[in-house]
Amino acid sequence: MNSSESEDQDINIEEEELSKPILQVQSAKGMEIQENSDPFNGTFVFFDEDHTLGNSLRYILANQPNVEFCGYSLPHPSENKMNLRLQTMNETKEKVMNDGLKCLSQICDIIEDKFKQALEKK
């Protein structure tokens, strides 16, 4: 698969995927939750991601009222994955992660809109 086929695949989101929680969509595209019986504490593994997503998502999650701890790491330069550790209070780790991913997505949409507006003014 060449890079243009990969880009087309990412852009063509199925209608049913839009109604799923973000975590389910991400699971199909390269994210997993490490097995843990604690609903308020766990590690999310994102594949093919780095500090760009890690630090942005960590910042958003750490500022949520139901988060006790949030941190991320890149285990090794030769491993193409990012681990994000999340400990929550009162809400499950999946709910808090979903909310954080939606918030980050909304922020990216706002930045994109402002960028497009600035280009139109030129």
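Above this text sits the structure in question.
Everything quoted here is computed from the prediction, not taken from an experiment. (Residues numbered from 1 in each chain as written. Predicted model: local features only at pLDDT ≥ 70, side-chain atom pairs only at ≥ 80, totals over all residues. Heavy atoms only, no water.)

**Q** It is not clear to me how the overall build of the protein chain should be interpreted in this structure. Could you clarify?
**A** A count of helices and strands for the protein chain gives 5 helices and 4 strands. Along the chain direction, N to C, the helices and strands of the protein chain fall in the order α-α-α-β-β-α-β-β-α. Counting contacts in the protein chain only where the partners sit at least 6 residues apart, residues at least 24 apart contribute 54% of the total. Counting only carbon and sulfur atoms, one obtains 48% of the accessible surface of the protein chain, whose full area is about 8,500 Å². (Helix = DSSP H or I, 4+ residues; strand = E, 2+ residues; numbered from the N terminus. Contact = heavy atoms within 4.5 Å. Areas by Shrake-Rupley, 256 points an atom, 1.4 Å probe, with all protein chains shown as cover.)

**Q** Just to check I follow, could you spell out helix 4 (residues 51–62) for this structure?
**A** The periodicity of an α-helix, 3.6 residues per turn, causes residues three or four positions apart to be oriented the same way. If you check helix 4, its first and last C-alpha atoms are 15 Å apart, about what 12 residues at 1.5 Å a residue would give, namely 16 Å. Every buried residue of helix 4 is accounted for by Leu53, Gly54, Leu57, Ile60 and Leu61. The buried residues of helix 4 occupy an angular sector of 145 degrees when projected down its axis, which confines them to one face. The outward face of helix 4, more than 90 degrees from its buried face, is lined by the exposed residues Thr52 and Tyr59. Taken together, the buried residues of helix 4 touch strand 2 (41–47), strand 3 (67–73), strand 4 (81–88) and helix 5 (93–121). Looking at where helix 4 begins, the residue whose side-chain oxygen comes 3.1 Å from the main-chain nitrogen of Thr52 is Asp50. (Expected span 1.5 Å × (residues − 1). Buried < 20%, exposed > 50% of the residue type's maximum accessible area, 1.4 Å probe, protein only. Arc of directions from axis to C-beta. Polar contact = N/O pair within 3.5 Å; in protein donor to acceptor, adjacent residues only side chain to side chain.)

**Q** Explain the sheet that holds strand 2 here, please?
**A** Sheet strands line up and pair through hydrogen bonds in the backbone, either parallel or antiparallel. The antiparallel open sheet is built from 4 strands, whose spatial order is 1-2-4-3. With partners counted over all chains shown, the strands left at the sheet margins are strand 1 (31–33) and strand 3, one partner each. Within the sheet, the average angular offset between the axes of one strand and its neighbour, ignoring direction, is 15 degrees. Where strand 2 and strand 4 come together, 7 bridges link them in antiparallel fashion. Note that in strand 4 the partner of Phe47 across the bridge is Lys81. Packed on one face of the sheet, helix 4 meets strand 2, strand 3 and strand 4 and runs near 175 degrees to strand 3. (Pairing = 2+ DSSP bridges. Axes fitted to C-alpha atoms, helices over the stretch in contact; angles between N-to-C directions.)

**Q** It is not clear to me how the pattern of salt bridges should be interpreted in this structure. Could you clarify?
**A** When their charged atoms lie close together, side chains carrying opposite charge are able to pair. Applying the stated rule across the entire model yields 4 salt bridges. Lys93 serves as the salt-bridge partner of Glu94, at 4.0 Å between the closest nitrogen and oxygen. For Glu94, a relative accessible area of 29% translates into the label partly exposed. Taking the relative accessible area as the measure of exposure, Lys93 reaches 3% and is therefore buried. Across the salt bridge formed by Glu112 and Lys116, the nearest N and O atoms sit 3.3 Å from each other. (Salt bridge = Lys/Arg side-chain N within 4 Å of Asp/Glu carboxyl O.)

**Q** Looking at this structure, I do not really get the nonpolar core. What am I missing?
**A** For soluble globular proteins, the rule of thumb is that nonpolar side chains tend to be buried together. Membership of the largest hydrophobic core comes to 16 residues, with the highest contact counts inside it found for Phe46, Leu57, Leu61, Leu84, Leu86 and Met97. Elements with a contribution of two residues or more to this core: strand 2, helix 4, strand 3, strand 4 and helix 5. Non-local contacts of Leu86, meaning those with residues more than four positions away in its chain, are made with Phe40, Asn41, Gly42, Phe44, Leu61, Val67, Phe69, Cys70, Lys93, Val96 and Met97. (Core = buried A, V, L, I, M, F, W, Y, C linked by side-chain atoms within 4.5 Å.)

**Q** Before we go on, may I ask you to explain the state of the cysteines in this structure?
**A** Two cysteines form a disulfide when their sulfur atoms are joined by a covalent bond. In the structure shown here, the tally under the stated rule is 0 disulfides. For Cys103, which is in no disulfide, the shortest distance to another cysteine sulfur is to Cys108 and amounts to 9.7 Å. (Disulfide = S-S within 2.5 Å.)

All we've got here are geometric facts, nothing functional implied.
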